[in-house]
Structure formats: C-alpha cells, structure tokens
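Coordinates in review
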Amino acid sequence: QLQRCTQTTNAGLAALLRARSLTSIDLSSTCISSVDALAEHASLRKVVLAGCRAFGDAGVASACRLRSLTSLHLGETAVSRLGLMALRDATSLE
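The rules behind the values
- Residues numbered from 1 in each chain as written.
- Predicted model: local features only at pLDDT ≥ 70, side-chain atom pairs only at ≥ 80, totals over all residues.
- Heavy atoms only, no water.
- Helix = DSSP H or I, 4+ residues; strand = E, 2+ residues; numbered from the N terminus.
- Buried < 20%, exposed > 50% of the residue type's maximum accessible area, 1.4 Å probe, protein only.
- Contact = heavy atoms within 4.5 Å.
- Areas by Shrake-Rupley, 256 points an atom, 1.4 Å probe, with all protein chains shown as cover.
- Core = buried A, V, L, I, M, F, W, Y, C linked by side-chain atoms within 4.5 Å.
- Pairing = 2+ DSSP bridges.
- Axes fitted to C-alpha atoms, helices over the stretch in contact; angles between N-to-C directions.

1. Considering the overall build of the protein chain
- For the protein chain, the helix and strand inventory stands at three helices and three strands.
- Reading the protein chain from its N terminus to its C terminus gives the helix and strand order α-β-β-α-β-α.
- Expressed as a percentage of the 94 residues in the protein chain, the buried residues total 39%.
- Restricting to contacts in the protein chain with at least 6 residues of sequence separation, those with at least 24 account for 40%.
- For the protein chain, the computed accessible surface area is about 5,400 Å², with 52% contributed by carbon and sulfur atoms.

This is the structure:
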C-alpha cells in the first residue's frame, strides 16, 4: 500500500514495474495523475485512487488500458462526468 504517501508521483509509480505479481494497489491520497506505468501488469485487478486530486479524465484513459482491471475506486478525484462515461468501454470492470 502506498496510501497517503503524498510524495508518490507518476515517476515513482514506474518503480513498481519490478513487482510482476501485483494484483492490487492502494494509491489513495497520492499525487498520481495517471496509471500508465502499470500497463504491463497483467495480474493487476484492483486500483484504489480515492482522494487523488490530480487524477482526472486523462487518468481514466490510462486506467482503461489496464485490461485485467476489475475494480477501480475513484472517490474524491478530479474525474468528471465525461471521464466516467469513458469507463463504459472498460468491459473488464465489475
């Protein structure tokens, strides 16, 4: 868990690429605005981004590229209604 690690950024997230068996990650209240760095994690099922105020509609586009993702928590982010509509195409989400 990186929850409330407010110094965690998109660049820092790239370091997780070494953890190939990652299935769930809690990035709540961090400075993350994109999850592109996690795109190679075929086993990633759950991402929690609650309270990530920098995470907006562009971030949703990056989350849609996580093909194995079944759960995405976006409470208290900058995602707009338009961003939420983009999730319609993320067929793996429950």
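Here the narrative resumes, following the displayed structure.
2. Some remarks on helix α2 (residues 57-64)
- Along α2, the residues classified as buried are Gly59, Val60, Ser62, Ala63 and Cys64.
- Those residues of α2 that are buried lie in contact with β3 (71-73) and α3 (81-86).

3. Some details on the nonpolar core
- Counting residues in each nonpolar core, the largest one holds 21 residues, and the members touching the most others are Val35, Val47, Leu49, Phe55, Leu72 and Leu74.
- It is α2 that provides the largest number of residues to this core, a total of three residues.
- Setting aside anything within four residues of it in sequence, one finds Leu72 in contact with Val47, Leu49, Ala63, Leu87 and Leu93.

4. Examining the sheet that holds strand β1 (residues 24-26)
- The sheet built from three strands is open, its strands ordered β1-β2-β3 with parallel pairing. Every interior strand has two partners, whereas the edge strands, β1 and β3, have only one. Within the sheet, the average angular offset between the axes of one strand and its neighbour, ignoring direction, is 0°.
- Both strand β2 (residues 46-48) and β3 contribute to a ladder of three bridges, which runs parallel. Within the sheet, the bridge partner assigned to Val48 lies in β3 and is His73.

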